[in-house]
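Each chain, written out:
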Amino acid sequence: MKITLKAARVNAGLKLVDAANKFGVNKDTLSKYEKDSSNVPRSFFAKIEEVYGWPVENIFFGPQSDFFRKLKTA
């Protein structure tokens, strides 16, 4: 089962600002990635498991709206 990038953050118990600090990005940048994770930089991608404790292969990468659209049709 896949989850969104935002869901991974929430499940890790991190606020947007705290997670952004751990990734070394601005909170607005992290918010943008959560809305559409299609083009996250490799440096960010490599830290996801470390920061969120969630396997990268279980995270949906793409527009958040696509995730929910696919969920409805499943």
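Everything below is about the structure printed above this text.
Predicted model only: the values in this text are computed from it and were never measured. (Residues numbered from 1 in each chain as written. Predicted model: local features only at pLDDT ≥ 70, side-chain atom pairs only at ≥ 80, totals over all residues. Heavy atoms only, no water.)

**Student:** I would appreciate a short explanation of the packing of helix α2 (residues 16-23) against helix α3 (residues 27-35) in the present structure.
**Tutor:** Geometry of a packed helix pair, given as the angle between the helix axes and the separation of the axes. Direction vectors running N to C along α2 and α3 enclose 100°, while the axes themselves pass 8 Å from each other. Here α2 lies roughly perpendicular to α3, going by the angle between them. Contacts between α2 and α3 involve Leu16, Val17, Ala19 and Ala20 from the first element and Lys27, Leu30, Ser31 and Glu34 from the second. The class makeup of the residues in the contact of α2 with α3 is five nonpolar, one polar and two charged. (Axes fitted to C-alpha atoms, helices over the stretch in contact; angles between N-to-C directions. Helix = DSSP H or I, 4+ residues; strand = E, 2+ residues; numbered from the N terminus. Parallel < 35°, antiparallel > 145°, perpendicular 65-115°, else oblique. Contact = heavy atoms within 4.5 Å. Nonpolar A, V, L, I, M, F, W, Y, C, P; charged D, E, K, R; others polar.)

**Student:** I would appreciate a short explanation of the pattern of salt bridges in the present structure.
**Tutor:** If you walk through the whole model with that rule in mind, you get three salt bridges. A salt bridge links Arg69 to Asp66; the shortest N-O distance between them is 2.7 Å. Pair noted here: Arg69 and Asp66 are both in helix α5 (residues 64-73), with a separation of three residues, about one helical turn. (Salt bridge = Lys/Arg side-chain N within 4 Å of Asp/Glu carboxyl O.)

**Student:** Explain empty space enclosed by the protein to me, please; I cannot follow it from the model alone.
**Tutor:** Empty pockets left among the atoms are what a rolling probe the size of a water molecule brings to light. With the rule as written, the count across this model stands at one cavity of 30 Å³ or more. Taken as a whole, the largest cavity holds about 30 Å³ of empty space. As for the largest cavity, its lining consists of Thr4, Leu5, Tyr33, Glu34, Ser37, Phe60, Gly62 and Gln64. A breakdown of the residues in the lining of the largest cavity according to their chemical character gives three nonpolar, four polar and one charged. (1 Å grid on protein atoms, 1.4 Å probe; cavity = no way out; pocket = protein on both sides within 12 Å on 5 of 7 lines; lining within 4 Å. Points joined across faces, edges and corners; volume = space filled by probe spheres on them.)

**Student:** Which parts of the structure should I look at to understand α2?
**Tutor:** Along an α-helix, residues three or four positions apart point the same way, because every turn accommodates 3.6 residues. Among all positions of α2, only Ala19, Ala20 and Phe23 are buried. Down the axis of α2, the smallest arc covering the buried residues is 100°, so these residues share one side. In the core, the buried residues of α2 are packed alongside α1 (5-11), α3 and α4 (42-52). Phi turns positive, to about 75°, at Gly24, one or two residues after α2. (Buried < 20%, exposed > 50% of the residue type's maximum accessible area, 1.4 Å probe, protein only. Arc of directions from axis to C-beta.)

**Student:** How do you make sense of the environment of Ala19 when you look at a structure like this?
**Tutor:** For Ala19, the location among the structural elements is in helix α2. Residue Ala19 is classed as buried on the basis of its relative accessible area of 0%. C-alpha separation for the pair Ala19 and Arg9, spaced 10 residues apart in sequence, amounts to 7.1 Å. If near-sequence neighbours (up to four positions away) are discounted, Ala19 is found in contact with Arg9, Leu14, Leu30 and Tyr52.

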